[in-house]
Amino acid sequence: MAAAAVAEAASEPPQQHQFPLPAVLEYPASTPPYLITQGAEGRLYKSTYLQPDIPCALKYRPPKPWRHPILDQRLTKHRILSEAKVLAKCRRDGLRVPAMYAMDEAAGWMMLEWVHGAPVRVRVNERLGDRKEGIDKDEGLKELMRRIGLAVGKMHKIGIVHGDLTTSNMILSPSAESVTDGQLDGTPGSLEGEIVIIDLGLASYSTTDEDRAVDLYVLERAFTSTHPRAESIFDELLKGYKEAYKQSNLALKRLEDVRMRGRKRSMLG
Amino acid sequence: MAPKESWIAIGCEGSANKLGIGVILHTPTRTTILSNLRHTFVSPPGTGFLPKDTAAHHRSHFVSLAGRALAEANVSPADVDCVCFTQGPGMGAPLTSVAVAARALSLLWGKPLVGVNHCVGHIEMGREITGADNPVVLYVSGGNSQVIAYAEQRYRIFGETLDIAVGNCLDRFARTLRISNDPAPGYNIEQLAKKGTRLVELPYAVKGMDCSFSGILASADALAAQMFAGKADFTPEDLCFSLQETVYAMLVEITERAMAHVGSSQVLVVGGVGSNERLQQMMGEMARERGGSVFATDERFCIDNGIMIAHAGLRAFRCGYTTPIEESTCTQRFRTDEVFVEWRD
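Residues numbered from 1 in each chain as written. Chains lettered and ligands numbered in written order. Predicted model: local features only at pLDDT ≥ 70, side-chain atom pairs only at ≥ 80, totals over all residues. Heavy atoms only, no water.

Identification of chain B as N(6)-L-threonylcarbamoyladenine synthase from Bionectria ochroleuca is taken from an unreviewed UniProt entry. Recorded under Catalytic activity (unreviewed entry), the UniProt text for chain B is reproduced unchanged: "L-threonylcarbamoyladenylate + adenosine(37) in tRNA = N(6)-L-threonylcarbamoyladenosine(37) in tRNA + AMP + H(+)". The record in UniProt for chain B states the following under Sequence similarities (unreviewed entry): "Belongs to the KAE1 / TsaD family." (UniProt positions renumbered as here; feature names shortened; annotations may be inferred.)

Looking at an unreviewed UniProt entry, chain A carries the name EKC/KEOPS complex subunit BUD32, with the source organism given as Bionectria ochroleuca.

Have a look at this one:
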């Protein structure tokens, strides 16, 4: 497994970096970083932690030159510390999220466990293929939906709302036993594995049913716009949600209200 | 009969404290502003503009302003193709008084009415003036704060304020400091902010692509009260500076998030607050870093005006849209995404 990780880390093509790297990625000993995405918030790199066979994700929030430097520092620090706090809370309460390896909130980065697998979005789309019928009878897919619901329910139960739930922000991570031939990310179309919720940058502590309902509504909207043909099986997700979170009836009732009004209220003049 | 080669519209705007009347000329290839006049109701320092006083102001100035707009445009009522007016959103009484006047013009001249959404007016005028083709739009004024992008015949709202508008936050803080409302409270805050040096900590309230300003205002008001009581080591200039730095950073952040979401590198800033130079500068730096650019207009078009209503109304009119008089009521709540945008691809 370790050999596979090394091979994998080394197999990323070398990159020309368009953006300046954070200092932590410029040590001669570190594995050449690979830019995974460039979002509005910051950049996500893949590198290694301590040893060349431990891959990691490095989230870097570069300074925003248009913001007042004091405000910029305050926000960057606050956001990294708050994400770290949420991650620690999730792990303490047994919800599978990436482990936190290191951080430097003043320099604007945090280093997290690299979660092997593929985004749920990718696996669902592979499974759907170009099928138009029989999706609501696909027991494997329905079971996956329930597992997603279980993960979200557990997160809400421990008092965390995600803020940006989509099928891209969950990884389907294959279990160690199922990994063969160094296929750490699993096989296309396979729905085997554990749901790992990632990207908790907008997450917060909340135990109000309104916040939970909005979280579910955002997920529902994201799911039906990303996988329109699978809209009919979204209810399976809510079944898993109820199973994991016993007091969910109030949040689900609230979801009805949120659906009626949309996330936005009607506009005041 | 040869196809029509030119259209003229008069636009009447009065959703807040500005009464604006403008005359526009469209040809298949060009848009020409024939006149664009405005009369602003300015309330004394420490006060805001009340609906009934503002409506009275609009009623008393409408006829003379409309007459001057026609004269300056060198257009007679017979040349006008349609009478456009703001149907909402805005303050009820001022909207109604201008709608009544627009209906009167329509009946008097025998020309069709076209009701226009105020926000869509701002967006269309901004696109026309700057030539921005398909930008993410930040619409910020005394009544509205929205991040908008166009998709499939509608201007979709990606983010907005959850409580008061950013301009309302600035206007009310100007009242707290008893700054003059002439020419505009936001303008005077901007001038004071230029002399501020110290960043006083204020709340920062961004939730995804939405934001909130009421808590910031409450906090700034509390700091101002401390200052007036002689218990603070910061100045009104510092407070204006801090307020601007904080709320504009929030607006730039939600705009950047929307740009990343829709994959656009152009941003257009419209609405009265859009004429703030510091906001334009911050937005410009953000857009440049994303490999794009910011488009902004000056006070003639940023601040509420009649020409934008004429322009957006005429675009709809040329697609065959008119508002029958029995449906020409106006409304304080009229969301940007309710308008079917037939004139764009």
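Caption draft 1: Local environment of the overall build of chain B. Scanning chain B from terminus to terminus reveals 10 helices and 12 strands. Computed over C-alpha atoms, the radius of gyration of chain B comes to 20 Å, within 12% of the 20 Å expected from 2.2 N^0.38 for 345 residues, which places it in the range of a compact globule. Along the first, second and third principal axes, the C-alpha set of chain B runs to 75 × 45 × 30 Å. Within the span of chain B, comprising 345 residues, buried residues form 57% of the whole. Long-range contacts, defined here as pairs at least 24 residues apart, represent 76% of the contacts in chain B between residues at least 6 apart. Surface accessibility of chain B: about 13400 Å² in total, with carbon and sulfur atoms responsible for 52%. The centroid of the 30 positive side-chain charges in chain B is displaced by 3 Å from the centroid of its 36 negative side-chain charges. (Helix = DSSP H or I, 4+ residues; strand = E, 2+ residues; numbered from the N terminus. Rg over C-alpha atoms; globule rule 2.2 N^0.38 Å. Buried < 20%, exposed > 50% of the residue type's maximum accessible area, 1.4 Å probe, protein only. Contact = heavy atoms within 4.5 Å. Areas by Shrake-Rupley, 256 points an atom, 1.4 Å probe, with all protein chains shown as cover. Lys, Arg positive; Asp, Glu negative; His and termini not counted. Charge placed at Lys NZ, Arg CZ, Asp CG, Glu CD.)

Caption draft 2: Here's a closer look at the packing of aromatic side chains. One pass over the structure, following the stated rule, counts four aromatic pairs over all chains. On the numbers, 5.7 Å between centres and 80° between planes, the contact of A:Tyr241 with A:Tyr245 is edge-to-face. Across the pair, A:Tyr245 and A:Tyr241 agree in class, each one buried. For A:Arg43, the ring lying beneath its charged end belongs to A:Phe19, and the centroid distance is 4.0 Å. Sitting over the ring of B:Tyr150, B:Arg344 keeps its end group 4.0 Å from the ring centre. (Phe/Tyr/Trp six-rings, centres within 6.5 Å; stacked < 30°, edge-to-face > 60°. Lys NZ or Arg CZ within 6 Å of the ring centre and 35° of its normal.)

Caption draft 3: The domain arrangement of chain B, seen in detail. All names here are of chain B. Taken domain by domain, chain B comprises domain 1 (7–123 + 302–338) and domain 2 (134–298). Domain 1 and domain 2 are separated by 26 Å when their C-alpha centres are compared. At the junction of the two partners, domain 1 supplies 19 residues and domain 2 supplies 25 residues. Between domain 1 and domain 2 lies a buried interface of about 1800 Å² when both sides are counted; carbon and sulfur atoms form 59% of it. The tally of links between domain 1 and domain 2 comes to one salt bridge. We note a salt bridge from Glu160 to Arg335, for which the minimum N-O separation is 3.2 Å. Here domain 1 and domain 2 share 10 residue pairs in polar contact (both at pLDDT 80 or more) between them. Of all the elements, helix α3 (residues 118–130) adds the most residues to the side of domain 1 that touches domain 2, at five residues. (Domains from an automatic or database assignment. Buried area = accessible area lost by both parts, 1.4 Å probe. Salt bridge = Lys/Arg side-chain N within 4 Å of Asp/Glu carboxyl O. Polar contact = N/O pair within 3.5 Å; in protein donor to acceptor, adjacent residues only side chain to side chain.)

Caption draft 4: The UniProt feature "binding site: substrate" (unreviewed entry) in chain B, seen in detail. Residues and elements named next belong to chain B. Listed under "binding site: substrate" (unreviewed entry) in the UniProt record, and renumbered for this structure, are Tyr139, Val140, Ser141, Gly142, Gly143, Asp171, Gly186, Glu190 and Asn276. Within the secondary structure layout, Gly142 lies in the loop between β6 (136–140) and β7 (145–151). When near neighbours in sequence (up to four residues on either side) are disregarded, Gly142 contacts Ala165, Gly167 and Asn168. The topology assignment puts Gly143 in the loop between β6 and β7.

Caption draft 5: How the structure looks around the sheet that holds strand β2 (residues 18–26) of chain B. All names here are of chain B. Strand order in the open sheet formed by five strands is β3-β2-β1-β4-β5, with mixed pairing between adjacent strands. Every interior strand has two partners, whereas the edge strands, β3 (31–40) and β5 (113–117), have only one. Taking the axes of each pair of neighbouring strands and ignoring which way they run, one obtains an average angle of 20° across the sheet. Direction of pairing for strand β4 (residues 82–88) relative to β5: parallel, over a ladder of five bridges. Across the sheet, Phe85 pairs through a bridge with Gly115, a residue of β5. In the packing of helix α2 (residues 92–109) onto the sheet, contacts are made with β1 (7–13), β2, β4 and β5, and the angle to β4 comes to roughly 160°. Lying on the sheet, α3 is in contact with β1, β3, β4 and β5; it crosses β5 at an angle near 85°. (Pairing = 2+ DSSP bridges. Axes fitted to C-alpha atoms, helices over the stretch in contact; angles between N-to-C directions.)

Caption draft 6: How the structure looks around the nonpolar core. Of all hydrophobic cores here, the largest spans 55 residues; its most connected members are B:Phe173, B:Phe213, B:Leu243, B:Leu251 and B:Leu279. Within the residue set of this core, elements represented by two or more residues are α2 (69–92) of chain A together with β6, α4 (166–176), α5 (185–193), α6 (214–228), α7 (236–262), β11 (266–270) and α8 (277–289) of chain B. The biggest single contributor to this core is α7(B), with 13 residues. Apart from residues lying up to four places away in sequence, B:Phe173 is in contact with B:Ile189, B:Leu217, B:Ala220, B:Asp221, B:Ala224, B:Leu239, B:Cys240 and B:Leu243. Counting 49 residues, the second-largest nonpolar core is a separate cluster that includes A:Val86, A:Ala151, A:Val214 and A:Leu219. (Core = buried A, V, L, I, M, F, W, Y, C linked by side-chain atoms within 4.5 Å.)

Caption draft 7: Looking closely at α7(B). Residues and elements named next belong to chain B. Taking 1.5 Å as the rise per residue, α7 with 27 residues should run 39 Å; its terminal C-alpha atoms sit 39 Å apart, in good agreement. Burial of α7 is extensive: 22 of the 27 residues sit out of reach of the surface. Trailing α7 by a residue or two, Gly263 shows a phi angle of about 70°, which is positive. (Expected span 1.5 Å × (residues − 1).)

Caption draft 8: Representation of the UniProt feature "domain: Gcp-like" (unreviewed entry) in chain B within the structure. The UniProt feature table records "domain: Gcp-like" (unreviewed entry) at residues 39–310 of chain B. The span residues 39–310 of chain B is 51% helical and 17% strand by assignment, and the distance between its end C-alpha atoms comes to 17 Å.

Caption draft 9: The packing of α4(B) against α7(B), seen in detail. All names here are of chain B. As a packed pair, α4 and α7 sit with axes 11 Å apart at the nearest point and diverge in direction by 175°. Relative to α7, the element α4 lies roughly antiparallel. Touching Val166, Cys169, Leu170 and Phe173 of α4 are Leu239, Cys240, Leu243, Val247, Tyr248 and Leu251, all from α7. (Parallel < 35°, antiparallel > 145°, perpendicular 65-115°, else oblique.)

Caption draft 10: Layout of the interface of chain B and chain A. In this assembly, 39 residues from chain B lie in contact with 21 residues from chain A. Carbon and sulfur atoms make up 52% of the area that chain B and chain A hide from each other, which totals about 2500 Å². Of all residues in chain B, B:Leu199, B:Glu289 and B:Arg333 bury the most surface against chain A, accounting for 21% of the area lost on that side. For the pair chain B and chain A, the number of links is five salt bridges.

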